[in-house]
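Structural features, examined
Listed below, chain by chain, are the residues.
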Amino acid sequence: MNKFPVEKLKPGMRFTKPVYMDQNNMLVGANVPLKEGDIKRLQKWGMKEILTDGVPVDAAPQALPPGESDGADLGRIFADYTRLIQMRDEIAKVHLDAYNAVLKAHMAVRNNRLFVTTDLEKAAEGIISILTRNKNSFLFMYDSTEEKDSLATHSVNVTFYSVLIGLTMKYPKPKLIELALGTLMINIGMVQIPVYITHKQSALTEHELNQVKTHPILAYQAMKKYGNFSEKSCLVSLQHHEQYDGKGYPRGIKGIEIDECSRIAAVADNYEALLEKRSYREKQFFYQAMKQLVASGARKFDPVILKIFISVLSVYPVGSIVELNKGGVGVVIGSNMQKPMRPIIKMVVNEDGQPIRDLVLVNLAADQSLFITKTLDEKDAGISVTDVL
């Protein structure tokens, strides 16, 4: 069991597992608030530490009723969140390494040069590894504020989401590598489109739009000509704009005629595109992007893959800022796959509008009296998601 200093105990504090005075004597049960008398008794007896297999939970919102299973769930959520925060710098490095590998490949194709895929393969393995350890690692893809090449950044972000879907679908590692290499190269055809088109701030003409629609074919050809990729990886770049109803491009194929990895990439690519600022609109935030993806996806995407993506990210994806019915604002830090409307929230503003400095987690799946009333963007909420995590 873990030791916790008595001097740090406060009245009302709860733990996700029973608290013991020693190996044989329990002080309070799981999720039972400590009373001031309990703490004074420990101090009177000269005890310096208590023992527990759980973690402390602030009593502020009564998010969980007493119960071992709910406590265990919150303990797991707390542990996942703690690991995610500890991995923040590592995630940033994995993302940057992948970005640099993609940028290097883009430059080679732009200059009609062959390139080796070693750095891309290492990048794919790094993304797979980081998401295997914590599925919410994608949240810190958006940490960096420095200006970066948008095509390369988009490709890396799409790869994170695609691998997340692949892991959920129990893909073996070789297949995950093929999927990741395909999505890392998803925009390599765009570097062969005239810059005045790819950077145009106004609406594209019909001729310019038709040129853009050639980029999947250009990508497939570039991967075959300049790199060393499997056919499945090449198909991801070729088919990621095909739609399940046959109304996509470049070939207008439909359903299972589209390779499964390409169907995964299509969902991830569309979701990431919604999160990006465009010349004709501001960027969407996580909830709005998911809402629009679901609304437009009934015919565009493989329904099974779309459902998997929604179940992993939830209707309120990790990073969404939400307001609760009893007041207070929080950031979604985890999802309940069986209850996608009721995620896990880290509270950042209390009912009185004051910032919350301590770690307060609320599991909506465990408290039916609490529910989300609306979502906010960072400007409306007056917070930066990555700053408050």
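Keep in mind it's a predicted model, so treat the numbers as computed, not measured. (Residues numbered from 1 in each chain as written. Predicted model: local features only at pLDDT ≥ 70, side-chain atom pairs only at ≥ 80, totals over all residues. Heavy atoms only, no water.)

**Brief notes about the side chain of D38**
Mapped onto the fold, D38 is located in helix α1 (residues 36-44). Of the polar contacts made by the side chain of D38, one reaches the backbone nitrogen of K35; its length is 3.0 Å. A polar side-chain atom of D38 sits 3.0 Å from a polar atom in the side chain of R41. Those residues in contact with D38, other than ones at most four positions away along the chain, are L27 and V28. (Helix = DSSP H or I, 4+ residues; strand = E, 2+ residues; numbered from the N terminus. Polar contact = N/O pair within 3.5 Å; in protein donor to acceptor, adjacent residues only side chain to side chain. Contact = heavy atoms within 4.5 Å.)

**Observations concerning the nonpolar core**
Residues F115, L120, Y161 and Y271 are the most contacted members of the largest nonpolar core, which totals 92 residues. F4, V6, M21 and I39 belong to the second-largest nonpolar core, a separate cluster that totals 13 residues. (Core = buried A, V, L, I, M, F, W, Y, C linked by side-chain atoms within 4.5 Å. Buried < 20%, exposed > 50% of the residue type's maximum accessible area, 1.4 Å probe, protein only.)

**Here's the deal with the pattern of salt bridges**
Considering all chains together, one arrives at 10 salt bridges under this definition. Two residues, R41 and D38, come together in a salt bridge whose shortest N-O distance is 3.0 Å. You can see R41 and its partner D38 sitting in helix α1, three residues apart, about one turn around the helix. A relative accessible area of 33% means that R41 is categorised as partly exposed. Across the salt bridge formed by E231 and K224, the nearest N and O atoms sit 2.6 Å from each other. (Salt bridge = Lys/Arg side-chain N within 4 Å of Asp/Glu carboxyl O.)

**Quick word on the packing of aromatic side chains**
Applying the stated criterion across every chain, the model contains seven aromatic pairs. The interplanar angle of 90° and the centroid separation of 5.2 Å between the aromatic rings of Y161 and Y271 together place this pair among those described as edge-to-face. A residue pair is termed long-range when its members are at least 10 positions apart, and Y161 in helix α5 (residues 150-168) and Y271 in helix α11 (residues 260-275) qualify at 110 residues. Assigned by exposure class, Y161 and Y271 land together as buried. Stacked on the ring of Y99, the Lys or Arg K148 has its end atom at 5.0 Å from the ring centre. Geometry around Y171 places K175 over its ring, the cationic atom sitting 4.2 Å from the centre. (Phe/Tyr/Trp six-rings, centres within 6.5 Å; stacked < 30°, edge-to-face > 60°. Lys NZ or Arg CZ within 6 Å of the ring centre and 35° of its normal.)

**Some remarks on the side chain of T159**
Tracing the sequence through the fold places T159 in helix α5. Here L184 takes part through its backbone nitrogen, which lies 3.2 Å from a polar atom of the side chain of T159. In contact with T159, not counting residues within four places along its chain, are I127, A180, T183 and L184.

**Topic: the packing of helix α4 (residues 118-133) against helix α6 (residues 173-184)**
Across the interface, α4 lies against α6 with an axial gap of 9 Å and an inter-helix angle of 115°. The crossing of α4 and α6 is right-handed. Contacts between α4 and α6 involve L120, E121, A123, A124, E125, I127 and I128 on the former and, on the latter, K173, L176, I177, A180, L181 and L184. Grouping the amino acids of the contact of α4 with α6 by side-chain chemistry returns 10 nonpolar, no polar and three charged. (Axes fitted to C-alpha atoms, helices over the stretch in contact; angles between N-to-C directions. Left-handed = near helix turned anticlockwise from the far one by under 90°. Nonpolar A, V, L, I, M, F, W, Y, C, P; charged D, E, K, R; others polar.)

**Some details on the sheet that holds strand β4 (residues 26-28)**
The strand order β1-β5-β3-β4 describes an open sheet built from four strands, whose pairing is antiparallel. The open sheet has two free edges, formed respectively by β1 (2-5) and β4, since each of these has just one partner strand. As judged from the four bridges shared by β1 and strand β5 (residues 49-52), these two strands associate in the antiparallel manner. Within the sheet, the bridge partner assigned to N2 lies in β5 and is T52. (Pairing = 2+ DSSP bridges.)

**Structural notes on empty space enclosed by the protein**
To find leftover empty space, a probe the size of one water molecule is rolled over the atoms. Under the counting rule described, the total for this entry stands at two cavities of 30 Å³ or more. Of the volumes computed, that of the largest cavity is approximately 50 Å³. The wall of the largest cavity is formed by F285, F286, Y287, Q288, G319, S320, I321, T375, L376 and V385. Those elements that provide at least two residues to the lining of the largest cavity are α12 (286-300) and β11 (372-376). Per element, the largest residue contribution to the lining of the largest cavity is three residues, and it comes from α12. Within the lining of the largest cavity, the residues separate by chemical class into six nonpolar, four polar and no charged. In this structure, the second largest cavity spans a volume of roughly 30 Å³. Along the walls of the second largest cavity sit E242, Q243, Y244, I258, S262, R263, A266, K300, F301 and D302, which together make up its complete lining. With three residues, the top contributor of residues to the lining of the second largest cavity is α11. Class assignment for the residues of the lining of the second largest cavity results in four nonpolar, two polar and four charged. (1 Å grid on protein atoms, 1.4 Å probe; cavity = no way out; pocket = protein on both sides within 12 Å on 5 of 7 lines; lining within 4 Å. Points joined across faces, edges and corners; volume = space filled by probe spheres on them.)

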